[in-house]
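Fold and contact review
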Amino acid sequence: MSGMAKKLPATDVVVVGLGWAGSIIAKELADEGLRVMGFERGAWRDTASDFNIASVTDELRYVQRQELMLRTRQNTCTLRNKPSETALPMRTWGSFHPGNGTGGAGNHWAGITFRFQPEEFRLKSHLTERYGAQAIEGLTLQDWGTTWEEMEPHYDAFDRVAGVSGKAGNIGGKIIEGGNPFEGARSREYPNPPTKQTYAPTLFAEAARNMGYKPFPVPSALASQAYTNQYGVTMGPCTFCGFCTNYGCANYSKASAIVNVLPALVRMPNFTANTHCEVLEVTKDSTGKRATGIIYVDANGDKWEQPADIVVVAAFTFENVRLMLLSGIGEPYDPISNTGTTGRNYAYQTANNVQLFFDDKNFNPFIGGGAIGMGIDEFNNDNFDHSGLGFVGGGSTRVTPIGAAPINARPVPPGTPKWGKEWKKTTAQYYAASMSIGCEASNYSARSNYLSLDPTYKDPHGRPLLRITFDFTENDLRMAQYVTDKTAEIAKALNPKMLFASPRKGPWSNTSYQSSHVVGGFVMGADPATSSVNKHLQVWGVPNLFVVGASAFPQNPGYNPTGTVGALAFKAAHAIRTQYLKRPGEMISV
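Residues numbered from 1 in each chain as written. Predicted model: local features only at pLDDT ≥ 70, side-chain atom pairs only at ≥ 80, totals over all residues. Heavy atoms only, no water.

Points about helix α10 (residues 421-430)
Among the residues of α10, those classed as buried are Trp423, Thr426, Thr427 and Tyr430. Viewed along the axis of α10, the buried residues span an arc of 105°, placing them on a single side of the element. Along α10, the residues that are exposed and aim more than 90 degrees away from the buried face are Lys421, Lys424, Lys425 and Ala428. Looking at the buried side of α10, the elements it contacts are β16 (350-357), β19 (434-441) and β22 (498-502). (Buried < 20%, exposed > 50% of the residue type's maximum accessible area, 1.4 Å probe, protein only. Helix = DSSP H or I, 4+ residues; strand = E, 2+ residues; numbered from the N terminus. Arc of directions from axis to C-beta. Contact = heavy atoms within 4.5 Å.)

Structure follows, in structure tokens:
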């Protein structure tokens, strides 16, 4: 890589990352007539060529060898549980799966598309008002600086672009039978009806209903029918192929940026996509109060400077935060003094599970999809009274059979030999006769969980790796035990031969996959002392720089993040189009 960057002609907007957030913002700003240049570290991905039906159902390629994931030799993270420990690098992805190439992690996601509840956007205030300040002591919860009323139109826009399938539970304040009664009031029904359900979710929903709960179809970005979105892009209906999570979709059925946005965006003459280009830095002027563009290196190792009037950083959470740290944007977070905002409030997801084994059922587990399922929300977030429980938060309880592929689907009871005759016999016995109930739960931010630059390990360009300092708090572990116990009660009602409850235990490690729902580190809020961006995703003090993605979440509720990431992308684009372009500068003064 050459030392000096060659300066290119200026453009109106550069967008770093062409996953969900970056692609949406690029399309919206291109629609405004701006010249937009998108930059993607990985390759250009296309459904017809990359996810052809003849080759996509390859578990070895996509699950074992993680073809859609970022290569750790390109970039990785270091991890530790406590600030007193020395972090070591992740040499293979285990706990989470960062994506690579256009579409990003949205290519291999499951497709579950919840909206966060209204109280989540003022969580610190809500919990303090209901339980008192002592209930959240030891946590660094924050309000988002925005409201449900401000978010709902942008959730609606993302639902429409992704063709989300589901059943509304609350339209304009009226509770609708069959939907989620705990959701915020939405302006209209989902764009597509719910997907059909397989046997396991149907059985779960029946048992939950008999126990007095309100089951509903899991909101799904797998199209239940043919659908054309507002960009003129058409999806096909899901075929329940069972090769969904960790795979691209051959049928144009699972929403992603490469299916729902980029086919329209790439045809616009004022948009240019630059792939195999890694952004090294966001450049600033001499005052540090204006972004002037980016420095990037191309596939040949040549370094370039791309000037721009507006810079949008919309990569995966880790790279958003790392790029801000490397570019000197904001003050790095210090957990000892509790000052600084860049790296602050990193959070994850708390995954819990109950596995059931039967003698008298056949679930045909090879039939499924990442977001085919039924759920309940009675024990999620603050939907239940936490008084006296010793924790706050909760989880989304659901059955979503993603498809039991041949290499990894070996559901056997604990204690079964790992190999040999007995293992083979037990595998054959329970492959079709087992199911699981998951509870994907909240993870609330704490002072000692944060992101920083590693002092030792570097990437191929000589830049420090991102260091993750994280562990589950006592609040999260108590919550995990409680919601798993509640999940096990439903499991017992199904009368299995055996059931095994697995609440999340500490410490966090990289040894097994848990969730790619990593959030925070460059959070939004109303106070520059505790947040990095305002409610428009505009960086405090650098008004022409916008950082968009799950990095903006101050904490993580018991829901999948992608619907909210998409809504924030529309929210930021709307603010740029309707406010910033008319009067460039700080849109919120403090």
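Additional details are given in the paragraphs that follow.
A few points about the sheet that holds strand β18 (residues 395-399)
An order of β8-β17-β18-β19-β16-β22 is seen for the six strands of this open sheet, with the pairing classed as antiparallel. Because the sheet does not close on itself, it has two edges, and the strands there are β8 (216-217) and β22. Pairing between β18 and β19: four bridges, direction antiparallel. Note that in β19 the partner of glycine 395 across the bridge is alanine 441. The strands that helix α11 (residues 474-493) touches are β16, β17 (374-376), β18, β19 and β22; relative to β16, the one it contacts most, it runs at about 25°. (Pairing = 2+ DSSP bridges. Axes fitted to C-alpha atoms, helices over the stretch in contact; angles between N-to-C directions.)

Re the side chain of threonine 102
Relative to the elements of secondary structure, threonine 102 occurs in the loop between β5 (88-89) and α4 (123-131). Residue classification places threonine 102 among the buried positions, given a relative accessible area of 0%. A polar atom in the side chain of threonine 102 sits 2.8 Å from the backbone nitrogen of arginine 45. Ignoring anything within four residues of it in the chain, the contact list for threonine 102 reads Leu18, Glu40, Ala43, Trp44, Arg45, Asn107, Ile258, Leu262 and Thr275. (Polar contact = N/O pair within 3.5 Å; in protein donor to acceptor, adjacent residues only side chain to side chain.)

A look at the packing of aromatic side chains
Within this structure, the stated rule accounts for 39 aromatic pairs. Their ring planes at 75° and their centres at 5.2 Å tell us that phenylalanine 470 and phenylalanine 472 sit as a pair that is edge-to-face. Each member of the pair, phenylalanine 470 as well as phenylalanine 472, carries the same accessibility label: buried. Members of the aromatic cluster, connected to one another through ring pairs, are Trp93, Phe96, Phe316, Phe318, Tyr346, Tyr348, Phe470, Phe472 and Trp508. (Phe/Tyr/Trp six-rings, centres within 6.5 Å; stacked < 30°, edge-to-face > 60°.)

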